[in-house]
Amino acid sequence: MAPSEPQQQQQPVVQLAGLQTETRNPRTTAIDTVSTLELCRILQREDARVPSAVEPCVPAIAEAIDLLTERVRRGGRVFYIGAGTSGRLGVLDASEIPPTYSAPSDKFIALIAGGDYALRNAKEGAEDSRSGAEEDLRPYGFDPDVDSLIGIASSGRTPYVLGGLEHVRRIGGATVAVVCVQPSAVQDEGNADHVIAAVTGPESVTGSTRMKAGTATKLVLNMISTGIMIKLGKTYGNLMIDLKATNIKLRQRAKNILRLIGGAACTQTDDELDAVLAACRGSVKLAAVTIVLGVSVADAEARLERNKGVLARVFEEAQQQAVKEEHHDDGLVLCVDAGGSSCRAVIMTPDGASACGSAGPCNV
């Protein structure tokens, strides 16, 4: 009798058939037989469906922005976690915030299953560790009172993401999930304060979620991070007022922005604006306050700090102060007694002091 072979550890059975991202797309079954031009048209038509999948998610996205903004304002950080394409999209979004909005590099932190190696190399097995995200978060000292977690999983069932959401929810942190299916394991487990489900349907190439699902995920993440930055005062209107002028292109953009905001008050030449920016350590927002209000850099800094860095509030405060000064009431009372024989006038102050003057007849 032959010796029995050692039993292999059984892997859990994963049911993918019900996921919208895994079903076969009837509109693209012939993409390998059509012309290149028709191939591109087919792919474009599928991609055109993505915005309509994101539109129903807008209310949930807005709620997530408000939740995360309040925590970031109190000093919190936003962590992204994901595996494969989802993880890479999280890294992309987080890495673009500091150069765009001058946000500290440690405010938006992205973790991908398998570590930085997985950014350029397939390490798909890393997503199967439910405890992986908790381990990856540990060195950062996640503070549940102010820090937040965005879990990204097109399938809505990635163990790495599910475990991370569960861990942060358990310790009392804020959680947001971005998925592309509905219903989902994320919803079933209930560990996300807000679930953003952009259901993009079957992919052009079955199961290739780097395509429609990836595009929807990027749109959602763009909206969340941009919304947070706007709510924190990183823009003035639609101008990137918090950019740092660190190269030729950005210095020119900074000068263009200052002229747009300053209007008639911005009479400086390019060289003079360069000097203003240098004095303001490259901060366009700070330079705008000094130019528009005609104040020192120190005064401009104090005004921005008082208004939590929101430029519109700085200008509004200055305008209200100007109106108040224009209509200032110092409490003086003028009494006039005009008659045919003489005219007397008395001015009285709130503390009772008075001054009197008289003149000849003044009846008209």
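Above this text you will find the structure in question.
How each quantity is defined
Residues numbered from 1 in each chain as written. Predicted model: local features only at pLDDT ≥ 70, side-chain atom pairs only at ≥ 80, totals over all residues. Heavy atoms only, no water. Pairing = 2+ DSSP bridges. Helix = DSSP H or I, 4+ residues; strand = E, 2+ residues; numbered from the N terminus. Axes fitted to C-alpha atoms, helices over the stretch in contact; angles between N-to-C directions. Contact = heavy atoms within 4.5 Å. Phe/Tyr/Trp six-rings, centres within 6.5 Å; stacked < 30°, edge-to-face > 60°. Buried < 20%, exposed > 50% of the residue type's maximum accessible area, 1.4 Å probe, protein only. Salt bridge = Lys/Arg side-chain N within 4 Å of Asp/Glu carboxyl O. Arc of directions from axis to C-beta.

Caption draft 1: Representation of the sheet that holds strand β3 (residues 148-153) within the structure. Taken together, 5 strands build an open sheet; the order of strands is β2-β1-β3-β4-β5 and the sheet is parallel. Of all the strands in the sheet, just β2 (108-112) and β5 (194-197) have a single pairing partner and so form its edges. Averaged over neighbouring strand pairs, the angle between their axes works out to 15° when direction is ignored. Pairing analysis gives 5 bridges linking strand β1 (residues 78-82) to β2, with the strands arranged parallel. Paired with isoleucine 81 across the bridge in β2 is leucine 111. With respect to the sheet, helix α6 (residues 159-171) is in contact with β1, β2, β3 and β4 (174-179), its orientation differing from that of β3 by roughly 160°. Each of β1, β2, β3, β4 and β5 touches helix α8 (residues 212-231); the most contacted strand, β3, lies at about 165° to it.

Caption draft 2: Representation of the sheet that holds strand β7 (residues 343-348) within the structure. Pairing within the open sheet is antiparallel, and its 3 strands lie in the order β6-β7-β8. Bordering the open sheet on either side are β6 (333-338) and β8 (354-359), each of which pairs with just one other strand. Across the sheet, the mean angle from the axis of one strand to that of its neighbour is 10°, orientation sign disregarded. By the bridge criterion, 6 bridges tie β7 to β8 in an arrangement that is antiparallel. Looking at the pairing, isoleucine 347 lines up with alanine 355 of β8.

Caption draft 3: Region of the structure containing the packing of aromatic side chains. Per the counting criterion, the structure on display carries 3 aromatic pairs. Residues phenylalanine 79 and tyrosine 140 carry aromatic rings whose centres are separated by 5.6 Å and whose planes lie at 75° to one another, so their mutual orientation is edge-to-face. Of this pair, phenylalanine 79 sits in strand β1 while tyrosine 140 sits in the loop between α5 (132-137) and β3, and the two are 61 residues apart along the sequence. Overall, the relative accessible area of 0% leaves phenylalanine 79 in the buried class.

Caption draft 4: Molecular detail of the pattern of salt bridges. Per the counting criterion, the structure on display carries 18 salt bridges. Taking the shortest distance from any N to any O, the salt bridge between arginine 138 and glutamate 134 comes out at 3.9 Å. Aspartate 274 is the salt-bridge partner of lysine 255, the closest N and O atoms lying 3.3 Å from each other. Of this pair, lysine 255 sits in helix α9 (residues 248-262) while aspartate 274 sits in helix α10 (residues 270-279); the two residues are 19 residues apart in sequence, bridging distant segments of the chain. Look at lysine 255 and you get buried, because its relative accessible area is 8%. Members of the salt-bridge network, linked through shared partners, are Arg27, Glu46, Arg49 and Lys212.

Caption draft 5: Geometry of the environment of valine 333. With respect to the helices, strands and loops of the structure, valine 333 is situated in strand β6. Linking valine 333 and alanine 60, residues 273 residues apart in sequence, is a C-alpha distance of 58 Å. If we ignore the near neighbours within four places in the chain, the residues touching valine 333 are Val346, Ile347 and Met348.

Caption draft 6: Fine view of helix α12 (residues 297-306). Among all positions in α12, only Ala300, Arg303 and Leu304 are buried. Looking straight down α12, one finds its buried side chains confined to an arc of 100°; they lie on one side. For α12, the exposed residues lying more than 90 degrees away from the buried face are Ala298 and Glu305. Looking at the buried residues of α12, the elements they touch are α11 (284-293) and α13 (311-326). Phi for lysine 308, located one or two positions after α12, is positive at around 55°.

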